[in-house]
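Descriptive analysis of the structure
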Amino acid sequence: MTIDDVDRKLLAALQEDAGQSYAALGEIAGLSAGSAHERVRKLKAAGVIRRTTIEVDPAALGRGVLAYVLLEANAWMGDSREALLDIPAVEEAHIIAGPASVLVKVRTTTTEDLQATLRALHAVDGVTSTQTVVVLESFFERQPAVV
């Protein structure tokens, strides 16, 4: 699917507030509400819009400890997806090139919970060691810009 300037306007508006009405989206993109709805439907069908969600402050849910963990392994970790999904504190997991095999983003309530999560990560088949970076303060987190 080719993304045009109208689609980019819709995507930018949805990233700002995914709960906007199709009438409001249409106004932003210069379309009728029906045309905006159809464009968004096509963007979803093509996989450009993967999901519609809300953004919740993790600290408000008591998950104020953020860490990034490098997993070193003695085997290919491409089959570890399910094992990592089974660890609730793991928010993201990426196979990487570099000093480790996998990078995971973890959020927990306490450092004790982080330690328990690290134990669970060590139990994943193939993991031989971890390196953890605990975030003290986040300047910002953002979605990819629609350019």
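See the structure shown above.
The text that follows walks through the structure, step by step, so that each part is easy to find.

Thresholds, definitions, all that
- Positions within a chain are numbered from 1, following the residues in the order the chain's sequence is written.
- Owing to the predicted nature of the model, reporting of local features is limited to residues with pLDDT of at least 70; listing and counting of side-chain atom pairs is limited to 80 or more, with chain, interface and lining totals taken over all residues.
- The basis for every side-chain value is the complete set of heavy atoms in the structure, and neither hydrogens nor water enter the calculation.
- Remark: exposure states derive from per-residue accessible area (1.4 Å probe, protein chains only) relative to the maximum for the residue type, with buried under 20%, exposed over 50%, and partly exposed in between.
- Secondary structure follows DSSP: runs of H or I at least 4 residues long count as helices, runs of E at least 2 residues long count as strands, and numbering of each begins at the N terminus.
- Our arc is simply the arc of the directions from the helix axis toward the C-beta atoms.
- A contact between two residues is defined here by any heavy atoms of the two lying within 4.5 Å.
- Put plainly, a pocket is an open set of points on a 1 Å grid over the protein atoms alone with protein on both sides within 12 Å along at least five of seven lines, a cavity is a set where a 1.4 Å probe fits but cannot get out, and a lining residue has an atom within 4 Å of a point.
- Grid points are joined across faces, edges and corners, and a volume is the space filled by probe spheres set on the points.
- Residue polarity is assigned by list, with Asp, Glu, Lys and Arg as charged and Ala, Val, Leu, Ile, Met, Phe, Trp, Tyr, Cys and Pro as nonpolar; anything else, Gly included, falls into the polar class.
- Helices are assigned an expected span. That span is 1.5 Å times one less than the residue count.
- Salt bridge, as used here, is a side-chain nitrogen of Lys or Arg placed within 4 Å of a carboxyl oxygen of Asp or Glu.
- In this description, strands pair whenever DSSP reports at least two bridges between them.
- Angular values range over 0 to 180 degrees, each being the angle between N-to-C directions of two axes fitted as lines to C-alpha atoms, with helices fitted over their stretch in contact.

Because an α-helix completes one turn every 3.6 residues, residues spaced three or four positions apart along the sequence face the same direction. Three or more residues of helix 2 (residues 22-29) are buried, namely Leu25, Gly26 and Ala29. Viewed along the axis of helix 2, the buried residues span an arc of 100°, placing them on a single side of the element. In the core, the buried residues of helix 2 are packed alongside helix 1 (5-16) and helix 3 (33-45). Following helix 2 by one or two positions, Gly30 adopts a phi angle in the positive range, close to 75°.

Attention now moves to the layout of surface pockets. A volume near 1,700 Å³ is recorded for the largest pocket. Lining the largest pocket are 35 residues, with Arg51, Thr53, Ile54, Glu55 and Gln143 positioned closest to its centre. Going through the elements one at a time, helix 1, helix 2, helix 3, strand 2 (90-95) and strand 3 (102-108) are the ones with two or more residues in the lining of the largest pocket. When residues in the lining of the largest pocket are grouped by element, the largest group, 4 residues, is from helix 1. When grouped by side-chain class, the residues that make up the lining of the largest pocket number 15 nonpolar, 6 polar and 14 charged. As a volume, the second largest pocket reaches approximately 310 Å³. Taken together, 15 residues line the second largest pocket, and the ones lying closest to its centre are Arg81, Leu84, Leu85, Glu92 and Ala93. Mapped onto the lining of the second largest pocket, the elements with two or more residues apiece are helix 4 (81-85) and strand 2. Among the elements that take part in the lining of the second largest pocket, strand 2 stands out by supplying 6 residues, more than any other. Taken together, the residues of the lining of the second largest pocket sort by class into 9 nonpolar, 3 polar and 3 charged.

Moving on, we come to helix 3. Under the 1.5 Å per step criterion, the end-to-end length of helix 3 is 18 Å for 13 residues, consistent within 8% with the ideal 18 Å. Against the buried residues of helix 3 lie helix 1 and helix 2. Count one or two residues on from helix 3 and you reach Gly47, which has phi positive near 85°.

Moving on, we come to the pattern of salt bridges. For the structure on display, the rule yields 9 salt bridges. Among the ionic pairs, Glu38 bridges to Arg41, the shortest N-O distance being 2.6 Å. Pair noted here: Glu38 and Arg41 are both in helix 3, with a separation of 3 residues, about one helical turn. Close ionic contact of Glu91 with Arg107 constitutes a salt bridge, the shortest N to O distance being 3.1 Å. Taken together, the residues Glu91 in strand 2 and Arg107 in strand 3 connect sequence positions 16 residues apart. With relative accessibility at 40%, the residue Glu91 sits in the partly exposed group. Here Arg107 falls in the buried class, since its relative accessible area comes to 8%. Connected through shared salt-bridge partners, Glu91, Glu92, Lys105, Arg107 and Glu141 make up one network.

With antiparallel pairing, 4 strands are arranged side by side in an open sheet as 2-3-1-4. With partners counted over all chains shown, the strands left at the sheet margins are strand 2 and strand 4 (127-135), one partner each. Recorded for the sheet is a direction-independent mean angle of 20° between the axes of neighbouring strands. Pairing between strand 1 (residues 65-73) and strand 4: 8 bridges, direction antiparallel. When the bridges of strand 4 are listed, Ala73 appears paired with Val127. Across the sheet, helix 5 (residues 111-122) is in contact with strand 1, strand 2, strand 3 and strand 4; its angle to strand 4 comes to roughly 155°.

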